[in-house]
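# Examination of the molecular architecture
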Amino acid sequence: MTEIVTLAEPFRALFYAPYYLAEVRGAFARQGLEVRMETAGTTVLAAEAVFSGRADVAWSGPMRVMQHRAADPASPITAFCAVIMRDPFLVVGRAPREGLHLAELPLMRLGLVTEVPTPVWCLANAVAKAGGQKLKDRSGGTMAQNMARLLDGTLDAIQVFEPFAAEAEAAGASVWYAQAEAGLMAYSSLYARQETLTERREAMRGMVRALSETLDWLARADAAEVAALLEPYFPDVPPEIRMRAVARYRDVGLWGDGPRFPRAAFDALGEAMLRAKTLPHLPAFEICVDEAVVEEALA
């Protein structure tokens, strides 16, 4: 018997590839699940869909669960099933550059991401640990606007995700730094209300198994095959750009970790959030993350 699960997608992004691939390759269906993916539009709206019951589960940054649990330890939302435990954002400059020191970035005309906060917190933390001053956004634009300003010489460097980086390279720019190089970082997992995790346990285990299967396949798959499978989700991205973007994310190990949630990734995100003063304190890993459902699924 097929069980329906409504899954809230915060917004469309190539680094979320494992979720799309689990759908298009039939991994969810093999677990007896009919996953209805609905695009919320923002991470805030995805969370609202889970809180209101319009969605059974969502994917997003564990930062949201951490903020809710820090404010209220009895908050009903809980993260589970790690999918992306490295930062997918990149720093792109106008021309090739070797030996970038992160402490140099605050001295440049830098266009930071404005659409979402987590990559800025993570980059600011890495720059501070490298001895740099506070990062300043010199643009306030979207990633698309900042790329145009980079190419016309208004900005020295920008912070983007794929496929913006691959598109910038095709126009003569160069990737200076992949934020994934900083190491483990809790970037994207599933999350649901605790009552959903309890009452629909087998469906949630099925979600874990489907994503575990997908991550295992993705670790071995050819970049061209992956890029082709993602075409329905990114029809406006040229095939060569899509393949370059996929290959880069494969090379930096973005999808190299399984569904178990590394505590080190949780702590690294907590450190960045505390430095950014977006957490009053770091809540306990055990109240934010349900690892038991993952172990049950993989047993």
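Quick summary incoming for the structure in this document. Only a predicted model underlies this, so the values are computations on that prediction, with no experimental measurement involved.

Conventions adopted
- Residues numbered from 1 in each chain as written.
- Predicted model: local features only at pLDDT ≥ 70, side-chain atom pairs only at ≥ 80, totals over all residues.
- Heavy atoms only, no water.
- Core = buried A, V, L, I, M, F, W, Y, C linked by side-chain atoms within 4.5 Å.
- Buried < 20%, exposed > 50% of the residue type's maximum accessible area, 1.4 Å probe, protein only.
- Helix = DSSP H or I, 4+ residues; strand = E, 2+ residues; numbered from the N terminus.
- Contact = heavy atoms within 4.5 Å.
- Patch = residues over 30% accessible without salt bridge, like charges linked within 9 Å, V, L, I, M, F, W, Y side chains within 5 Å.
- Areas by Shrake-Rupley, 256 points an atom, 1.4 Å probe, with all protein chains shown as cover.
- Salt bridge = Lys/Arg side-chain N within 4 Å of Asp/Glu carboxyl O.
- Lys, Arg positive; Asp, Glu negative; His and termini not counted.
- Charge placed at Lys NZ, Arg CZ, Asp CG, Glu CD.
- Axes fitted to C-alpha atoms, helices over the stretch in contact; angles between N-to-C directions.
- Parallel < 35°, antiparallel > 145°, perpendicular 65-115°, else oblique.
- Left-handed = near helix turned anticlockwise from the far one by under 90°.
- Nonpolar A, V, L, I, M, F, W, Y, C, P; charged D, E, K, R; others polar.
- Polar contact = N/O pair within 3.5 Å; in protein donor to acceptor, adjacent residues only side chain to side chain.
- Pairing = 2+ DSSP bridges.
- Disulfide = S-S within 2.5 Å.
- 1 Å grid on protein atoms, 1.4 Å probe; cavity = no way out; pocket = protein on both sides within 12 Å on 5 of 7 lines; lining within 4 Å.
- Points joined across faces, edges and corners; volume = space filled by probe spheres on them.

## Notes on the nonpolar core
- Counting residues in hydrophobic clusters, the biggest one holds 117 residues, and the most contacted among them are Phe 15, Phe 80, Leu 105, Leu 190 and Met 207.
- It is helix 9 (residues 201-218) that provides the largest number of residues to this core, a total of nine residues.
- With sequence-adjacent residues up to four places away left out, Met 207 is seen in contact with Val 5, Leu 7, Phe 28, Leu 33, Val 35, Val 57 and Leu 190.

## Observations regarding a positive patch on the surface
- Taken together, Lys 134, Lys 136, Arg 138 and Lys 277 make up a surface patch of like positive charges.
- By secondary structure assignment, the location of Lys 277 is in the loop between helix 12 (263-275) and helix 13 (285-288).

## Things to note about the packing of helix 4 (residues 63-71) against helix 12
- For the pair helix 4 and helix 12, interaxial distance at closest approach is 11 Å and the crossing angle is 70°. With respect to each other, helix 4 and helix 12 are oriented roughly perpendicular. Of the two elements, helix 4 crosses helix 12, and the hand of that crossing is right-handed. Judged by residue contacts, Met 63, Met 66 and Gln 67 of helix 4 engage Phe 266, Leu 269, Gly 270 and Met 273 from helix 12.
- Within the contact of helix 4 with helix 12, the residues separate by chemical class into five nonpolar, two polar and no charged.

## A short note on the environment of Arg 209
- Here Arg 209 lies in helix 9.
- The exposure class assigned to Arg 209 is partly exposed, which follows from its relative accessible area of 22%.
- Taking the C-alpha atoms as reference, Arg 209 lies 22 Å from Tyr 233; in sequence the two are 24 residues apart.
- Here Arg 209 is in contact with Gln 31, Glu 202 and Ala 297, once residues within four sequence places are set aside.
- There is a polar contact of 2.3 Å between the side chain of Arg 209 and the side chain of Glu 202.

## With respect to the sheet that holds strand 1 (residues 3-9)
- As summarised here, the arrangement of the five strands in space is 2-1-3-9-4, forming an open sheet in which the pairing is mixed. The open sheet is flanked by strand 2 (33-39) and strand 4 (77-84), the only strands paired with a single partner. Going from strand to strand, the sheet's axes swing by 30° on average, the running direction of each strand aside.
- By the bridge criterion, four bridges tie strand 3 (residues 57-60) to strand 9 (residues 188-193) in an arrangement that is antiparallel. Bridge assignment links Val 57 to a residue of strand 9, and that residue is Ala 192.
- Contacting strand 1, strand 2, strand 3, strand 4 and strand 9, helix 1 (residues 17-24) runs over the sheet at an angle of about 135° to strand 2.

## Remarks on the state of the cysteines
- Within the structure shown, the criterion is met by zero disulfides.
- Free of any disulfide, Cys 81 has its nearest cysteine sulfur in Cys 288, 17 Å distant.
- Judged by relative accessible area, which is 0%, Cys 81 ranks as buried.
- Take Cys 122: it sits in no disulfide, and the sulfur closest to it among the cysteines is that of Cys 288, at 16 Å.

## Describing empty space enclosed by the protein
- Per the counting criterion, the structure on display carries one cavity of 30 Å³ or more.
- Taken together, 14 residues make up the lining of the largest cavity; nearest its centre are Thr 43, Gly 61, Val 116, Thr 118 and Tyr 187.
- Secondary structure elements with two or more residues in the lining of the largest cavity: helix 4 and helix 5 (118-129).

Just distances and angles here, no functional claims.
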